[in-house]
Amino acid sequence: MSKLHASAAQALHDLLADGQTIAVGGFGLSGIPADLIDAVRETGVKDLTIVSNNMGIDGKGLGVLIEAGQVRKVIASYVGENRLFAEQYLAGQLEVEFTPQGTLAERLRAGGAGIPAFYTRTGVGTLVAEGKPLEEFDGVKYVRERAITADIALVHAHTADTDGNLVYRYTARNFNPVVATAGTVTIAEAEVIVEPGQLDPNHIVTPGVYVQRLVQATDRVKDIEQRTVRQRLETAAV
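Quick caveat, the model's predicted, so the values are computed rather than measured.

## Things to note about the overall build of the chain
1) Next: A tally of helices and strands in the chain yields 6 helices and 12 strands.
2) Next: Relative to the globule expectation of 18 Å for 238 residues, the C-alpha radius of gyration of the chain, 19 Å, shows essentially globular dimensions.
3) Next: Dimensions of the chain, computed from the C-alpha atoms along their principal axes, are close to 60 × 50 × 40 Å.
4) Next: Excluding contacts between residues fewer than 6 apart, the proportion of contacts in the chain whose partners are at least 24 apart in sequence is 73%.
5) Next: Here the chain displays about 12800 Å² of accessible surface, and carbon together with sulfur accounts for 50% of that area.
6) Next: Averaging the locations of the 22 positively and 29 negatively charged side chains of the chain gives two centres separated by 3 Å.

Dropping the structure here:
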């Protein structure tokens, strides 16, 4: 049965509610499910907990949900590119749970695998470990981290089939595979959608069993968060 929906708004229909936890794939502006994020903004749902590597930048990516005042809490590893985020955090309007990047990835992976918690050395002896159980293994201290599961997971893929099998492209893959497994309901947008059987099984990263709904991504400019260039040297005459 095809999981394809006509639009991002239709794919989100009857799923969203105030106070939900939404996990979102992407890294900065790379590999973000931009259409689905915009559709969440249009619904006006609020008091959301957003789980993502970061919150994009002002006016783009998850930054649009910050601008709309729809986010109550953020679980992320990096937030330095969003000025409005910083303003709301310093004003006490936004709760933030900082998580080391590898730990965040593992918390999402564990949630998708049904593992409730795990131990890691990352963060021991820092603010990250405050209030969390510690355990010693082979003479080394570890901090216990809880898995993350989300009410809704939003991901972006390069190619999908209508059964929901997903293939990612280069670094746009980033957090999308672990986010896809951590959602109670996962919605994917894909740039290219094909019929079942047209994807090489060896190339599928996220099996369709994890994806409940699918939408065609719109053709839009892929923004670059930071662009660093240098002047090209003139080629010497041969």
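## Comments concerning a nonpolar patch on the surface
1) Next: Taken together, Y89, L90 and F98 make up a surface patch of nonpolar side chains, about 340 Å² in accessible area.
2) Next: Along the chain, Y89 falls in helix α4 (residues 83-90).

## A look at unusual backbone geometry
Note: most residues except glycine have negative phi, and most peptide bonds are trans.
1) Next: Phi is positive for Y170, close to 50°, though the residue is something other than glycine.
2) Next: As for its position among the elements, Y170 is in the loop between β10 (166-167) and α6 (176-182).
3) Next: The residue N174 is not glycine, and still its phi comes out positive at about 25°.
4) Next: Residue placement: N174 occurs in the loop between β10 and α6.
5) Next: Among the residues examined, N174 registers a relative accessible area of 24% and is labelled partly exposed.

## Notes on the sheet that holds strand β6 (residues 117-120)
1) Next: Taken in spatial order, the 3 strands line up as β6-β8-β7 in an open sheet, and their pairing is antiparallel. Looking at strand neighbours, the two that pair on one side only are β6 and β7 (134-137), the edges of this open sheet. Neighbour-to-neighbour, the strand axes of this sheet turn through a mean angle of 40°, independent of strand direction.
2) Next: Two elements, β7 and strand β8 (residues 140-146), share 4 bridges in a ladder whose sense is antiparallel. Bridge pairing links L134 to V143 in β8.

## Topic: the side chain of N54
1) Next: Note on placement: N54 falls in the loop between β3 (48-51) and α3 (63-67).
2) Next: Given a relative accessible area of 5%, N54 falls into the buried group.
3) Next: Here G28 takes part through its backbone nitrogen, which lies 3.3 Å from a polar atom of the side chain of N54.
4) Next: If we skip the residues at most four places from it in the chain, N54 touches F27, G28, L62, A76 and Y78.

## Focus on the nonpolar core
1) Next: Ranked by size, the top nonpolar core spans 35 residues in total, and within it I22, V40, I50, L154 and I187 carry the most contacts.
2) Next: Breaking this core down by element, the ones donating at least two residues are α1 (8-12), β2 (21-24), α2 (34-43), β3, α3, β4 (71-76), β9 (150-161) and β11 (183-194).
3) Next: No other element matches α2, which puts 5 residues into this core.
4) Next: Excluding residues that lie within four positions of it along the chain, L154 makes contacts with L12, I22, A23, V24, G25, P33, L36, V40, V179 and I187.
5) Next: Counting residues in hydrophobic clusters, the runner-up holds 22 residues, among them A23, A153, A160 and L214.

Criteria and cut-off values
Residues numbered from 1 in each chain as written. Predicted model: local features only at pLDDT ≥ 70, side-chain atom pairs only at ≥ 80, totals over all residues. Heavy atoms only, no water. Helix = DSSP H or I, 4+ residues; strand = E, 2+ residues; numbered from the N terminus. Rg over C-alpha atoms; globule rule 2.2 N^0.38 Å. Contact = heavy atoms within 4.5 Å. Areas by Shrake-Rupley, 256 points an atom, 1.4 Å probe, with all protein chains shown as cover. Lys, Arg positive; Asp, Glu negative; His and termini not counted. Charge placed at Lys NZ, Arg CZ, Asp CG, Glu CD. Patch = residues over 30% accessible without salt bridge, like charges linked within 9 Å, V, L, I, M, F, W, Y side chains within 5 Å. Salt bridge = Lys/Arg side-chain N within 4 Å of Asp/Glu carboxyl O. Buried < 20%, exposed > 50% of the residue type's maximum accessible area, 1.4 Å probe, protein only. Pairing = 2+ DSSP bridges. Axes fitted to C-alpha atoms, helices over the stretch in contact; angles between N-to-C directions. Polar contact = N/O pair within 3.5 Å; in protein donor to acceptor, adjacent residues only side chain to side chain. Core = buried A, V, L, I, M, F, W, Y, C linked by side-chain atoms within 4.5 Å.

In short, geometric facts, not functional conclusions.
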